[in-house]
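Here is how the chains run, residue by residue.
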Amino acid sequence: MDANTRAFVAERVVKVTPEDAPFLKDGHMFVIVRTGRMGEPTVNHPSFFHLLQLKGKGARGLHGDEDWEWLRAGSQLSLDTESNRVAYVSRYIDMLCSARTRYAWPVKTVDDLQLLTSADADAMPRAGTEAEAVKARALHEKYQGVIKPLTLAGGAGPWRGALFANGRHHLIVRVDVVLTADGKITLTDTVLEKDAPIPGVFP
């Protein structure tokens, strides 16, 4: 990391970890873990964010749409392979999860939803009632062949695909993705299930 980037993250930094970012032509991405000073409410609750460094462009945190627009304008995206496109969209989704609380977490399989399929409190500390467990097992069967990892196949863009997420407030969400060749991402959410027996995550 260069001196400017180091100065940007120096105060209160707990850990700086390089992040794999194959969609960058000539840049680097880092995961920054920061904490508050002693006595501040955030001292025991570190915050996580992504830091992007582009050659000749400096460093910038990926917090919102304007930061992703800065990345797109930097002409540093390499989206010529499906794996790069999926990595790029996945990183954007990760940012939404942490910065906007739009989803609790994206999932690649039905097991990633963490459905409360057991009512045995000893076996699963966050287990619910037997009725919830029955519903959870039915949902597990329903979505076992539906929930799959994101794919963005094809030649020239735009590329289209879908991923799924454990939504906040006990939602199962399908997220339709459109990615254009210049890196613009459009996400459309469709709530598939409400009041699903899954761990609740609230702002």
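Check the entry above for the structure.
Residues numbered from 1 in each chain as written. Predicted model: local features only at pLDDT ≥ 70, side-chain atom pairs only at ≥ 80, totals over all residues. Heavy atoms only, no water.

Novice: How would you sum up the overall build of the protein chain? Please name residues and give values.
Specialist: Across its full length, the protein chain holds four helices and eight strands. Traced from its N-terminal end to its C-terminal end, the protein chain shows the element sequence α-β-β-β-β-α-α-β-α-β-β-β. Expressed as a percentage of its 203 residues, the buried residues of the protein chain come to 39%. Contacts in the protein chain between residues far apart in sequence, at least 24 positions, make up 47% of those at least 6 positions apart. (Helix = DSSP H or I, 4+ residues; strand = E, 2+ residues; numbered from the N terminus. Buried < 20%, exposed > 50% of the residue type's maximum accessible area, 1.4 Å probe, protein only. Contact = heavy atoms within 4.5 Å.)

Novice: Quick rundown of the nonpolar core? Include the residues and the values.
Specialist: Core analysis: the biggest nonpolar cluster contains 32 residues, and Y88, V89, Y103 and L187 have the highest contact counts within it. Of all elements in the fold, only β3 (47-54), α2 (65-73), α3 (82-100), β6 (159-167), β7 (171-179) and β8 (185-193) reach the threshold of two or more residues within this core. When residues in this core are grouped by element, the largest group, eight residues, is from α3. When sequence neighbours within four positions are dropped, the list of residues in contact with L187 reads Y92, I93, L96, R102, Y103, V175, D176 and V177. Ranked by size, the runner-up nonpolar core spans 12 residues in total, among them L113, L115, L139 and A196. (Core = buried A, V, L, I, M, F, W, Y, C linked by side-chain atoms within 4.5 Å.)

Novice: Can you lay out helix α4 (residues 130-143) for me, pointing to particular residues and giving the numbers?
Specialist: With 14 residues, α4 should reach 20 Å at 1.5 Å per residue; the first-to-last C-alpha distance of 20 Å fits that figure. Within α4 the residues assigned to the buried category are A133, A136, L139 and Y143. The buried residues of α4 occupy one face: seen down the axis, they fall within an arc of 125°. Opposite the packed face of α4, turned more than 90 degrees from it, sit the exposed residues A131 and E141. Against β7 and β8 lie the buried residues of α4. (Expected span 1.5 Å × (residues − 1). Arc of directions from axis to C-beta.)

Novice: Account for unusual backbone geometry, with residues named and values stated.
Specialist: Most of the time, phi is negative for any residue but glycine, and the peptide bond is trans. The phi dihedral of H169 falls on the positive side, at around 65°, and the residue is not glycine. The residue H169 is located in the loop between β6 and β7 in this model. Here H170, not a glycine, exhibits a phi torsion of approximately 65°, which is positive. With respect to the helices and strands, H170 occurs in the loop between β6 and β7. Taking relative accessible area as the criterion, H170 reaches 24% and is therefore assigned partly exposed.

Novice: Let's hear about the sheet that holds β8: which residues, and what values?
Specialist: Across the sheet, which stays open at both edges, the four strands sit in the order β5-β6-β7-β8 with antiparallel pairing between neighbours. A single partner strand is all that each edge strand has here, and the edge strands are β5 (103-107) and β8. The mean angle between the axes of side-by-side strands here comes to 35°, regardless of whether they run parallel or antiparallel. As judged from the four bridges shared by β5 and β6, these two strands associate in the antiparallel manner. From the neighbouring strand, P106 faces β6, where its bridge partner is A165. Along the sheet face, α4 touches β7 and β8 and points at about 135° away from the line of β8. (Pairing = 2+ DSSP bridges. Axes fitted to C-alpha atoms, helices over the stretch in contact; angles between N-to-C directions.)

Novice: Requested: an account of the side chain of H50, with residues and values cited.
Specialist: Summarising the element assignment, H50 is placed in strand β3. Excluding residues within four positions of it along the chain, H50 makes contact with E19, M29, F30, V31, R60, G61, L62, R91 and D94.

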